[in-house]
Amino acid sequence: MGESAVRVRGLWKRFGRQVAVAGVDLELPAGKFIGLVGPNGAGKTTTLSMVTGLLRPDQGSVEVVGHDVWRDPVEVKARIGVLPEGLRLFERLSGRELLAYSGRLRGLPGAEVDKRATQLLDVLDLAGSQHKLVVDYSTGMRKKIGLAAALLHNPEVLFLDEPFEGVDPVSAQTIRGVLERYTASGATVVFSSHVMELVESLCDWVAVMAAGRIRATGPLAEVRGDAPSLQQAFLELVGAGGRDAGSDLDWLGGGVR
Amino acid sequence: MTAATAPGPAAPTAASLTPVLVRLKLSLLRNGLRQSGGRTAAWIASAVVVLLFTVLQTLGLIALRGHAHADALIVLMAAVLGLGWAVMPLFFNSGDETLDPTRLVMLPLRPQPLVRALLVSSLVGIGPLFTLCLFAGSVVAVAHGAFAFVVGVIGAVLALLVCVTLARAVAAANTRLLTSRKGRDLAVLSGLVVAVGAQLVNFGAQRLGTGGLAQLEPAADVLRWVPPGTAVGAMAAASDGEYGIALAQLALTAAALVVLLWVWSRHLTRLMTSPDGSTLTADDRPARERGSAGLSRWLPAGRTGTTMERTLRYVWRDPKTKSAWVTALAIGLILPVFNAWQGTGSVYFSCFAAGMLGIQMYNQFGQDTSAFWLVAMTISSPRDAYVELRGRALALLLVTLPYATLVTVVTTAMLGDWAALPPALGLSFALLGAMLATGAWTSARFPYSIPQEGFKNVAPGQVGLAWISIVGGMAGAALLCAPVIAATIWLNVSAGGEGWRWLLLPVGAAYGAALTLLGLRMAAPRTAERLPEILAAVSKG
C-alpha cells in the first residue's frame, strides 16, 4: 500500500497550564493493526480525540487517508469509525435502536443499516440484549455496542480508545476476533492501551507515548528491539525500568499479623 | 499458629454499636459539608430556613390553642407528615447513606442491636428535629389538663418514632429498587411530585381560606385512627375526657411502631443475608417500544426522521428530559386554565403553553450529554447541522403545536371570549417560532452540561452560561415577537380593529415559521464550526 492512514504534524494541546500533548509527529501506515501505548496521563486520549476531530488542537495538522481533518471533514468523517473513552452513548436507546440511529445519521439506507446491525449484534454476542436499554448494559457490552456503531458504515480507519478497558475475557476475545477479521481485509485499526501483553499479541505496528510525546514508533519487532518483551522495552523507554517497590512492605504476608 | 488460638473479636452489642452509628451519622453529615464551600452554604441556608419554618410552625400551633377545629387541622398535619416520611426515602435516598443498610453488610452485626442503633442514629438530623417540634407544638395546641399532657408527651415521642421507623422500613423494603438505575430515575422525577404537591397544598389552602377549618372534620375523623394521626387523636380525646378512646389511640400508635419495627427488622435481616442487587443479573426484560415502531413509519426518511425519532424517544425515556417536558406541559396548561377557571384570566395567558414548551428547544446539545460526539461525528457541513437542528425543532413542534392550540381553545371556551381566539393563537405561534429560533441559536452559541444525576440542571461553573442562554434567549424571543404583540395591542384598542383581529392568526403563524427558519439557518453554520467546543461544553456533567 505504502500510503499512510494517519499523518500528524506538530500537534500541541494545553489545558490551562498543563501540557497534554507536546508536539506529536506521527505517521501510521495503512492496513496495519496499530497500538498506541503509554502510561495513564501520557496524552493518548487527547491525541486520539484531536486526530478524530472531537477536540480542536492548539497547533499542528492531522491528515487521515490523505484528507485534512479540520479543512475537509466531509471526506474524513465518512471514512473513519471512532470508539472514544469516557464519553457516553445515547444510553436511553436500546442496543438495536442505537445502531439504527447512528447508521441512519450517517446517511446509510435504512434496510442496509438494519441488515448490518443484525449481523454485528450476532457476531458481538449482543443479539440477546439488543432490546435492552444501553444504560443497563455492562462495561463489556457497552464497548461492544460502541464498536458495532463504529463499524456500521464500514470505515477505512478505526480509532479505538482503550477498547479492552474493563472488558471481561470473553467479550475481549469477541472484540479481538472482529478486529482481526476487519484488518485482514486491508483496513486500519488504531487503538490505545496500557496493557502491553495485549498490544504485543495483537499489533504489528506500535507507537509509544509518554508525557505528551512520541518516544518510539515502528513495527513491533523494531520497537521491542533486544528486550525480552514489549513490557520491558516500554519500561525502559518511559524511564520506569528497574524500580522495585517490594523492600518497604516487609510486613506484608505471612509471619506475625 | 498464634492466629488459630487467639479469640475472635466479639460481635458488638447494642450498647457499643449505638454510639458508633450516631458518630457515623454525624461524620457523614460533617464530611458532606466539607466537600465544598457552596455546599456548606447551601446546607446552612436550608437548615436556617427549615429551623425558621419549624419555629414559625410551632408558634402557629401554639397560637391555635383553644381553636374549635385545631385538633382536626393537626390530625391532618400529622397524616401529611407521616406520608412525607414514607415517601421521602424513595425520592431523596441519595442524601442519607445510612439509609442504605447494605453498606453495613460486611460487618458482623446482629439484627436486634443493629435496628436499635440505626433507629437512634436516624433521630439525628433536621428532619426528626422538625417533626419533634411539630408534635411538641401539637401537644401545646391540643392538650388540656394534666392527663392530656401526659398522653400528649407519650404520643409525641411515639409519633416521632413511628415516622422515623416508617421511613426506615420503606427504605429497607425498597433498597433493591433504590440502588438500581430505575430508583435513580425515580429520584429525578421527584421534583414533579414536589411541584404537584405544592399546587395541591396551595389549592387546599385557598379552599380553607374560603370555607373555614370546619370542613376538615370528616377527613380528620378517619385519620385520627390512622397512625401517626392516632397520637394527636389521643391528645384530643384525653382533653375531652374520653380516656378510653385516648388510651386506645395511644395503644394503636404503639402497636404501629412495633409492627413497623418488625417489618423493618425482617427486611434488614433479608438484605444482610442475601446477595446484593449488583451481583444479580440486571433486568432482562426488553425495553418497551411504546409507539415508537409505529411512529417511525409516519416520520420522514433520512436524518430528519431519525433525529425526530430519537428526540421523541428521549422525551419519554430520559428522566431529566421527561421531567422538564412534563413540568412544561403541566404549567403551560395549569396557568391559563386555572386562571380562567377563577374568572381572572385572559385568552392571551394561553401563550404560556407555547412559551413553556419553546424552552425545551434551549440547550439542545446539552440534553444529549457527552453522547453528542455521536452526532458530531456525522456533521461535516452546515447543511448537516441544519437538518439536525430542524429535526429537533420538528419533533418539538409535533407535540407543541397541537398542545398549544388545545390549551388556547380550552381557555377560550372557559372564558367564552371566542373573538380573542385567532389573535391569541397567532401570538402563540409567533412566540413559539421566536423561542425555537433563539433556542437553536443559543444551543449552538452557549451550550452547557446537564448533570444526569441529582436535581441540578446546570453543571458547576456553567451557571453563567445557562443564564445567558435561557434568560438572554427568552428576552430575545420576546423582542422578536414585539411586532406581533404591537399589532395585537393596536387592533385591540383602535376603533374598528375588531374586524381585522382574525388576520393575526395567519400573520402570527407565518411570522413564527419565518423566525424559526431564519434561526435554524443562523444556528447551523455556528454548530458546524464549533463542534469540538460544543462537545467540550456539554461533557462536564
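Residues numbered from 1 in each chain as written. Chains lettered and ligands numbered in written order. Predicted model: local features only at pLDDT ≥ 70, side-chain atom pairs only at ≥ 80, totals over all residues. Heavy atoms only, no water.

Where an unreviewed UniProt entry is consulted, chain B appears under the name Transporter, with the organism given as Streptomyces tagetis.

Looking at an unreviewed UniProt entry, one finds chain A named ABC transporter ATP-binding protein, with Streptomyces tagetis as its source organism. What UniProt records for chain A under Subcellular location (unreviewed entry) is the sentence "Cell membrane". (UniProt positions renumbered as here; feature names shortened; annotations may be inferred.)

Visitor: When you look at the environment of K182 of chain B in this model, what are you seeing that I'm missing?
Guide: Residues and elements named next belong to chain B. Counting through the fold element by element, K182 comes out in helix 9 (residues 181-211). The class of K182 is partly exposed, set by a relative accessible area of 41%. Expressed as a C-alpha distance, the spacing of K182 and A172, which sit 10 residues apart in the sequence, is 16 Å. (Helix = DSSP H or I, 4+ residues; strand = E, 2+ residues; numbered from the N terminus. Buried < 20%, exposed > 50% of the residue type's maximum accessible area, 1.4 Å probe, protein only.)

Visitor: Which parts of the structure should I look at to understand the UniProt feature "domain: ABC transporter" (unreviewed entry) in chain A?
Guide: The UniProt record marks residues 6-236 of chain A with the feature "domain: ABC transporter" (unreviewed entry), using the residue numbering of this structure. The span residues 6-236 of chain A shows a helical share of 38% and a strand share of 27%, and its end C-alpha atoms are spaced 27 Å apart.

Visitor: Sorry if this is basic, but what is going on with the sheet that holds strand 9 (residues 205-210) of chain A here?
Guide: Each strand in a sheet pairs with another by means of backbone hydrogen bonds, the pair being arranged parallel or else antiparallel. All names here are of chain A. Ordered by their spatial adjacency, six strands build an open sheet running 6-7-8-3-9-10, and the pairing between neighbours is mixed. Single-partner strands in this sheet number two, and they are strand 6 (80-83) and strand 10 (213-219). Averaged over all pairs of adjacent strands, the angle between their axes in this sheet comes to 15°, without regard to strand direction. Direction of pairing for strand 6 relative to strand 7 (residues 157-161): parallel, over a ladder of four bridges. Bridged to G81 within strand 7 is L158. Sitting on the sheet, helix 1 (residues 44-51) touches strand 3 (33-37), strand 7, strand 8 (188-193) and strand 9, and the angle it makes with strand 7 is about 150°. (Pairing = 2+ DSSP bridges. Axes fitted to C-alpha atoms, helices over the stretch in contact; angles between N-to-C directions. Contact = heavy atoms within 4.5 Å.)

Visitor: Quick question: what am I supposed to make of helix 6 (residues 169-184) of chain A here?
Guide: Because the α-helix completes a turn every 3.6 residues, residues three or four places apart line up on one side. Residues and elements named next belong to chain A. Along its 16 residues, helix 6 runs 22 Å from first to last C-alpha, staying within 8% of the 22 Å computed at 1.5 Å per residue. The set of residues buried in helix 6 consists of S171, A172, T174, I175, R176, V178, L179, Y182 and T183. On its buried face, helix 6 is in contact with strand 3, helix 4 (110-123), helix 5 (139-151), strand 7, strand 8 and helix 7 (196-202). Where helix 6 starts, the residue carrying a side-chain oxygen 3.2 Å from the main-chain nitrogen of V170 turns out to be D168. Looking one or two places after helix 6, you find G186, whose phi comes out positive at around 100°. (Expected span 1.5 Å × (residues − 1). Polar contact = N/O pair within 3.5 Å; in protein donor to acceptor, adjacent residues only side chain to side chain.)

Visitor: Looking at this structure, I do not really get the confidence of the model for chain B. What am I missing?
Guide: Parts of the prediction with low pLDDT should not have their coordinates interpreted in detail. Residue and element names in this part refer to chain B. Averaged over chain B, the pLDDT score is 83; the fraction of residues at 70 or greater is 85%. Overall, residues 278-292 carries pLDDT values under 50, and its contacts beyond four positions in sequence, including any with other chains, amount to 19 contacts. The ipTM assigned to the predicted complex is 0.91, against a pTM of 0.77. (pLDDT = per-residue confidence, 0-100.)

Visitor: What exactly am I supposed to notice about the packing of helix 15 (residues 319-341) of chain B against helix 19 (residues 382-415) of chain B here?
Guide: Packed helix pairs are specified by the crossing angle of their axes together with the interaxial distance, meaning the distance between the axes. Residue and element names in this part refer to chain B. Viewed as axis vectors pointing N to C, helix 15 and helix 19 meet at an angle of 15°, and their least axial separation amounts to 9 Å. Taken together, the axes of helix 15 and helix 19 are roughly parallel relative to one another. The way helix 15 lies across helix 19 gives a crossing that is right-handed. In this structure, helix 15 contributes W325, L329, A330, G332, L333, P336, V337, A340 and W341 to the contact, and helix 19 contributes L396, V399, Y403, V407, V410, T411, M414 and L415. (Parallel < 35°, antiparallel > 145°, perpendicular 65-115°, else oblique. Left-handed = near helix turned anticlockwise from the far one by under 90°.)

Visitor: Looking at this model, I keep getting lost on the domain arrangement of chain B. Mind explaining?
Guide: Accessible area lost when the parts come together is the quantity often used to give the size of an interface. Each domain of chain B was delimited in the assignment, giving domain 1 (44-192 + 212-274) and domain 2 (301-538). When each unit is reduced to the centre of its C-alpha atoms, the spacing between domain 1 of chain B and domain 2 of chain B is 43 Å. (Domains from an automatic or database assignment.)

Visitor: Hey, could you run me through helix 5 of chain A in this one?
Guide: All names here are of chain A. Compared with an ideal rise of 1.5 Å per residue, which puts 13 residues at 18 Å, helix 5 spans 18 Å between its outermost C-alpha atoms and is within 8% of the ideal. Most of helix 5 is tucked away: 11 of the 13 residues are buried. Every buried residue belonging to helix 5 is among G140, M141, K143, K144, I145, G146, L147, A148, A149, A150 and L151, and all of these are buried. Looking at the packing, one finds that the buried side of helix 5 touches strand 6, helix 3 (95-105), helix 4, strand 7 and helix 6.

Visitor: Even after reading the chapter, I still don't get the sheet that holds strand 4 (residues 59-64) of chain A, so can you show me in this structure?
Guide: All names here are of chain A. Within the open sheet, the four strands sit side by side as 2-1-4-5. Their pairing is antiparallel. Every other strand in the sheet has two partners, leaving strand 2 (18-29) and strand 5 (67-68) as the edge strands with one partner each. Pairing of strand 1 (residues 4-15) with strand 2 involves nine bridges; the strand directions are antiparallel. When the bridges of strand 2 are listed, S4 appears paired with P29. Across the sheet, helix 1 is in contact with strand 1, strand 2 and strand 4; its angle to strand 1 comes to roughly 120°.

Visitor: Looking at this structure, I do not really get the state of the cysteines. What am I missing?
Guide: Here a disulfide denotes one covalent bond, and it connects the sulfur atoms of two cysteines. All names here are of chain B. This model, assessed by the stated rule, comprises zero disulfides over all chains. For the unlinked cysteine C133, the closest cysteine sulfur is that of C163, found at 13 Å. Looking at C133, the relative accessible area reads 24%, which means it is partly exposed. (Disulfide = S-S within 2.5 Å.)

Visitor: What am I meant to see in the nonpolar core here?
Guide: In globular proteins that are soluble, nonpolar side chains generally tend to be buried together. Ranked by internal contacts, the top residues of the largest apolar core, which has 114 residues, are V64 and F191 of chain A. Ignoring sequence-local partners within four residues, the contact set of V64 of chain A consists of A5, V51, V69, V76, I80, V157 and F159 of chain A. Ranked by size, the runner-up nonpolar core spans 56 residues in total, among them A156, V164, V232 and L260 of chain B. (Core = buried A, V, L, I, M, F, W, Y, C linked by side-chain atoms within 4.5 Å.)

Visitor: Explain a nonpolar patch on the surface here, please?
Guide: Residues and elements named next belong to chain B. Where nonpolar side chains cluster on the molecular surface, the patch consists of L26, L29, W43, I44, V48 and L52 and spans about 500 Å² of accessible area. Counting residues per element, the ones that place at least two in the nonpolar patch are helix 2 (14-34) and helix 3 (37-63). Take W43: it is sitting in helix 3. Its relative accessible area of 32% is what places W43 among the partly exposed residues. (Patch = residues over 30% accessible without salt bridge, like charges linked within 9 Å, V, L, I, M, F, W, Y side chains within 5 Å. Areas by Shrake-Rupley, 256 points an atom, 1.4 Å probe, with all protein chains shown as cover. Salt bridge = Lys/Arg side-chain N within 4 Å of Asp/Glu carboxyl O.)

Visitor: Hey, could you run me through the pattern of salt bridges in this one?
Guide: When the charged atoms of two side chains with opposite charge come close together, those side chains can pair. Applying the stated criterion across every chain, the model contains 27 salt bridges over all chains. As a salt-bridge pair, R9 of chain A and E27 of chain A come within 3.2 Å of each other at their nearest N and O atoms. Of this pair, R9 of chain A sits in strand 1 while E27 of chain A sits in strand 2, placing them 18 residues apart in sequence. Looking at R9 of chain A, the relative accessible area reads 39%, which means it is partly exposed. With relative accessibility at 36%, the residue E27 of chain A sits in the partly exposed group. With a shortest N-O distance of 3.2 Å, R310 of chain B and D368 of chain B are connected by a salt bridge. Remark: D368 of chain B occurs in helix 17 (residues 364-368) and R310 of chain B occurs in helix 14 (residues 302-317); sequence separation between them is 58 residues.

Visitor: What exactly am I supposed to notice about the packing of aromatic side chains here?
Guide: Two measures describe an aromatic ring pair: the distance that separates the ring centres and the angle between the ring planes. According to the stated counting rule, one finds eight aromatic pairs over all chains in the structure shown. On the basis of an interplanar angle of 85° and a centroid distance of 5.8 Å, the ring pair of F90 of chain A and Y314 of chain B is categorised as edge-to-face. Linking F90 of chain A in the loop between strand 6 and helix 3 with Y314 of chain B in helix 14, this pair reaches from one chain into another. When sorted by exposure, F90 of chain A lands in the same class as Y314 of chain B, which is buried. Joined through ring pairs, the aromatic side chains of F33, F164 and F191 of chain A make up one cluster. (Phe/Tyr/Trp six-rings, centres within 6.5 Å; stacked < 30°, edge-to-face > 60°.)

Visitor: Is there a simple way to think about the environment of A376 of chain B in this case?
Guide: Along the chain, A376 of chain B falls in helix 18 (residues 372-376). On a C-alpha basis, the gap between A376 of chain B and G127 of chain B in space is 46 Å, while along the polypeptide they are 249 residues apart.

Visitor: I would appreciate a short explanation of the pairing of strand 7 of chain A in the present structure.
Guide: Regular strands show a simple pattern: their side chains alternate between the two faces of the sheet. All names here are of chain A. Across the five residues of strand 7, five count as buried, placing the element largely inside the fold. Alternating residues of strand 7 divide into V157, F159 and D161 and L158 and L160, and every residue in both groups is buried. In terms of strand pairing, strand 7 meets strand 8 through five bridges, oriented parallel. From the neighbouring strand, F159 faces strand 8, where its bridge partner is V190.

Visitor: Hey, could you run me through unusual backbone geometry in this one?
Guide: Leaving glycine aside, a negative phi is the common case for residues, and trans is the common case for peptide bonds. Cis peptide bonds are those with omega within 30 degrees of zero, and the linkage from P227 of chain B to P228 of chain B qualifies with 0°. Structurally, P228 of chain B is set in the loop between helix 10 (217-223) and helix 11 (229-239). Even without being glycine, E162 of chain A reaches a positive phi, approximately 50°. You will see that T369 of chain B, though not glycine, has its phi angle at about 55°, which is positive. Within the secondary structure, T369 of chain B sits in the loop between helix 17 and helix 18.

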